[in-house]
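# Structural features, examined
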Amino acid sequence: MPYKSYIMGMNRKLHIAIVAFVAIVFAAGAWLNLSQDDPPENTAVGGMVVNVDIGGPFTLTDHTGSTFSSEELAGDYALVYFGYTFCPDICPTELGQIAEAIDLMGADGKRVRPVMITIDPERDTPEVLSEYVPLFHERLVGLTGSVAEVREVATNYRVFYKRFDDPSYTYYLMDHTSFVYLLAPTGEIASMFRYGTPPEDIAATIRQHMRSPARG
Amino acid sequence: MFKTLFAATILAATMLPASAHDLETDTLKISHPWSRATAPNQQVGAVFMEIQAKTDQGDRLIAASFEGAEKVEIHNHIMDGDVMRMRRIDGVDVPANGTVELAPGGYHVMLLGLKAPLLEETVIPVTLVFERAGSVKIEAIVQAAGARGAMGGSMKHDEMKMDMKDGGTKHGSGHGMSK
């Protein structure tokens, strides 16, 4: 047999075993590569992978005092931010980012609705919100509700928030996660943006979803 | 071309007030102090700036005051995983021959119990108190509510952004926020 003389000290069975082993490893590698036909996430710059269990329908009160159901967002995209008005820094920054992202999109931006849901319903009444939202965008909707209603929505969106009271303070603050949620026209969460994601990246992610809505 | 010239002129004009309100002393330079517009019933505001220590000693910002607020404190943001926590701190060090930034997401002078809303395109006088330099009076320019820098929102001052700067607040030519 031709193999014996070629590989010194190695018998034929071992040689076949090695060849087979290499072939299996190679085949396994090829299979793994081919099975990764799903890119890791919604691909766009800035947008994050979203667990499908997050989000869901909600009913709250808007800044005009009317009942607002998440169904009213159906058919449009929405950028949703959970914040509060007694927040001089982070929340205005994020609302500014959202507003700019929408305006960067020009005509397409009309299909994106900016929404702010308060995590501090005790202070943020509809009246308070009605004076706050126009500062950021003419179409920004402010949503509030009872403590329980807000808690339910925040829980569905996995928003962490916690009141921080210090006896020496005459006020309280809210610790909170600061994400922006992109809702698809179906109402599902299409993507999430970390605090500080530039408006250009938010706009690019939304455009990507608009081009391939099946992903949303 | 005319549009570009117009935009450039506006840009230049908006930059002028910023440098006019920088403040320099023997030991410190405070650059681009700015704040954000607030809603009529909004109770808190924030002031940002860059502080430079011009000498080998450095300094420490330990307090601040503003007549338009009941109380003024210094705060910092701590990002704890994905949770944002804002906390009052005793002071902010200004490194020797170095700078410290009070900017969104980090340190800021926090105005509590605003007696009147901060109006965009106005200037508010704030007194800063330093450990070494003592009291220093600055003038902070009030930008739009969603502004993220001393120059206003984004740095793109093309026509659309110029509209955004005003349109976003809907103040128009008259500050119709008084009740």
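Quick note: structure is the one above.
Scope of this entry: the structure provided in the associated data block. The residue numbers shown here count from 1 along each chain, following its written sequence. In the order they appear in the text, chains get letters beginning with A and ligands get numbers beginning with 1. Per-residue local features are limited, in this predicted model, to residues with pLDDT of at least 70; the limit for side-chain atom pairs, both in listing and counting, is 80 or more; totals at the level of whole chains, interfaces and linings are taken over all residues.

### Let's talk about the overall build of chain B
- Strands here mean DSSP runs of E at least two residues long; helices mean DSSP runs of H or I at least four residues long; both are numbered from the N terminus. When helices and strands are counted, chain B shows two helices and 11 strands.
- A residue is called partly exposed when the number of other C-beta atoms within 10 Å of its own lies between 12 and 20, exposed at 12 or fewer, and buried at 20 or more, with C-beta atoms placed from the backbone. The proportion of buried residues among the 179 residues of chain B is 37%.
- Taking contacts inside chain B between residues at least 6 apart in sequence as the whole, the part at least 24 apart equals 68%. We call two residues in contact if the C-beta atoms placed from their backbones are at most 7 Å apart.

### Things to note about the overall build of chain A
- When helices and strands are tallied, chain A shows five helices and nine strands.
- Element order for chain A, N to C, with α for helix and β for strand: α-β-β-β-α-β-α-β-α-β-β-β-β-α.
- Here chain A holds 216 residues, and the buried ones make up 43% of them.
- Partitioning the intrachain contacts of chain A with sequence separation of at least 6 by distance along the chain shows that 66% fall at a separation of at least 24.

### As for the interface of chain A and chain B
- Taken together, the contacts link 30 residues of chain A with 32 residues of chain B.
- Among the elements of the structure, α2 (90-104), α3 (126-132) and β7 (172-177) of chain A are those that each provide at least two residues to the side of chain A that touches chain B.
- Counted by class, the side of chain A that touches chain B contains 16 nonpolar, eight polar and six charged residues.
- Both β7(A) and strand β6 (residues 83-89) of chain B contribute to a ladder of two bridges, which runs antiparallel. Across the sheet, the residue bridging to A:Thr177 is B:Val83, located in β6(B). Under the convention adopted here, Pro, Cys and the residues Ala, Val, Leu, Ile, Met, Phe, Trp and Tyr are nonpolar, Asp, Glu, Lys and Arg are charged, and Gly plus all remaining residues are polar. DSSP-based pairing: two strands are paired if at least 2 bridges between them are found.

### Here's the deal with the pairing of strand β8 (residues 180-183) of chain A
Residue and element names in this part refer to chain A.
- Because side chains alternate across β8, one face comprises the buried residues Val 180 and Leu 182, and the other comprises Tyr 181 and Leu 183, equally buried.
- Two strands pair when backbone bridges link them, and strand β3 (residues 77-83) and β8 are joined in this way by four bridges, in the antiparallel orientation. Pairing of Tyr 81 across the sheet is with Val 180, part of β8.
- The pairing of β8 with strand β9 (residues 189-193) spans four bridges and is classified as antiparallel. For Leu 182, the partnering residue across the bridge sits in β9 and is Ser 191.
- Taken together, β8 and the strand that follows it, β9, pair antiparallel across an intervening segment of five residues, in which Gly 187 is found at a positive phi of about 95°.

### Regarding the pairing of strand β10 (residues 123-130) of chain B
Residue and element names in this part refer to chain B.
- Along β10, the buried face is formed by Ile 124, Val 126, Leu 128 and Phe 130; none of Val 123, Pro 125, Thr 127 and Val 129, which line the opposite face, is buried.
- Across four bridges, the pairing between strand β4 (residues 59-65) and β10 is antiparallel. Opposite Ala 63, over in β10, you have Val 129 as the bridge partner.
- Both β10 and strand β11 (residues 134-143) contribute to a ladder of eight bridges, which runs antiparallel. Of the residues in β11, the one forming a bridge with Ile 124 is Ala 140.

### Let's talk about the sheet that holds strand β2 (residues 67-69) of chain A
Residues and elements named next belong to chain A.
- Overall, mixed pairing links the seven strands, which are arranged β2-β1-β5-β4-β3-β8-β9 in an open sheet. In the strand order of this sheet, the two ends are held by β2 and β9, each with one partner. Each strand of the sheet is rotated relative to its neighbour by a mean of 35°, with strand direction disregarded. Every angle, taken between N-to-C directions, lies between 0 and 180 degrees, and every axis is a line fitted to C-alpha atoms, over only the stretch in contact when it is a helix.

### Comments concerning the nonpolar core
- Within the largest apolar cluster, 96 residues are counted, with the highest numbers of intra-cluster contacts made by A:Leu79, A:Val180, A:Leu183, B:Leu111 and B:Val126.
- Excluding its chain neighbours within four sequence positions, the residues that come into contact with B:Val126 are B:Val47, B:Ala64, B:Phe66, B:Val109, B:Ile138 and B:Ala140. A set of buried Ala, Val, Leu, Ile, Met, Phe, Trp, Tyr and Cys residues, joined to one another through C-beta atoms within 7 Å, is what we call a nonpolar core.

### Re unusual backbone geometry
All names here are of chain B.
- The residue His 32 is not glycine, and still its phi comes out positive at about 45°.
- Among the secondary structure elements, His 32 is positioned in strand β2 (residues 28-36).
- Backbone geometry at Glu 121 places phi at a positive 70°, although glycine is not the residue there.
- One can find Glu 121 in the loop between β9 (108-114) and β10.

### Some remarks on the packing of α2(A) against helix α5 (residues 199-211) of chain A
Residues and elements named next belong to chain A.
- Relative orientation of the contacting elements α2 and α5 amounts to 55°, with a least axis distance of 8 Å. In terms of axis orientation, α2 runs oblique to α5. In terms of crossing hand, the pair formed by α2 and α5 is right-handed. Together, Gln 97, Glu 100, Ala 101 and Leu 104 of α2 and Pro 199, Glu 200, Ile 202 and Ala 203 of α5 make up the contact between the two elements.
- Here the contact of α2 with α5 is composed, by residue class, of five nonpolar, one polar and two charged. Throughout this description, any angle smaller than 35 degrees is read as roughly parallel, any larger than 145 degrees as roughly antiparallel, any in the 65 to 115 degree range as roughly perpendicular, and the remainder as oblique. It is the rotation of the near helix from the far one that decides the hand of a crossing: anticlockwise by less than a right angle makes it left-handed, clockwise makes it right-handed.

### A short note on the environment of A:Ile102
Residue and element names in this part refer to chain A.
- With respect to the element layout, Ile 102 can be found in helix α2.
- Sequence separation of Ile 102 and Cys 87 is 15 residues, and the distance between their C-alpha atoms is 22 Å.
- Setting aside residues up to four positions removed in sequence, Ile 102 forms contacts with Gly 109, Val 112, Pro 114 and His 137.

### What to know about α5(A)
Residues and elements named next belong to chain A.
- The length a helix should cover is 1.5 Å for every residue beyond the first. Across its 13 residues, α5 extends 18 Å between first and last C-alpha, which sits within 8% of the 18 Å expected from 1.5 Å per residue.
- Taken as a whole, α5 has its buried residues at Pro 199, Ile 202, Ala 203, Thr 205, Ile 206 and His 209. One side of α5 holds all its buried residues, which, seen down the axis, span an arc of 160°.
- Elements in contact with the buried residues of α5: β3, α2, β4 (112-118), β8 and β9. An arc is given here, and it is the one of the directions from the helix axis to the C-beta atoms.

### What about the environment of A:Ser69?
Residues and elements named next belong to chain A.
- The residue Ser 69 is located in strand β2 in this model.
- Taking the C-beta count within 10 Å as the criterion, Ser 69 has 12 such neighbours and is therefore assigned exposed.
- Sequence-wise, Ser 69 and Pro 57 are 12 residues apart; in three dimensions their C-alpha atoms are separated by 7.6 Å.

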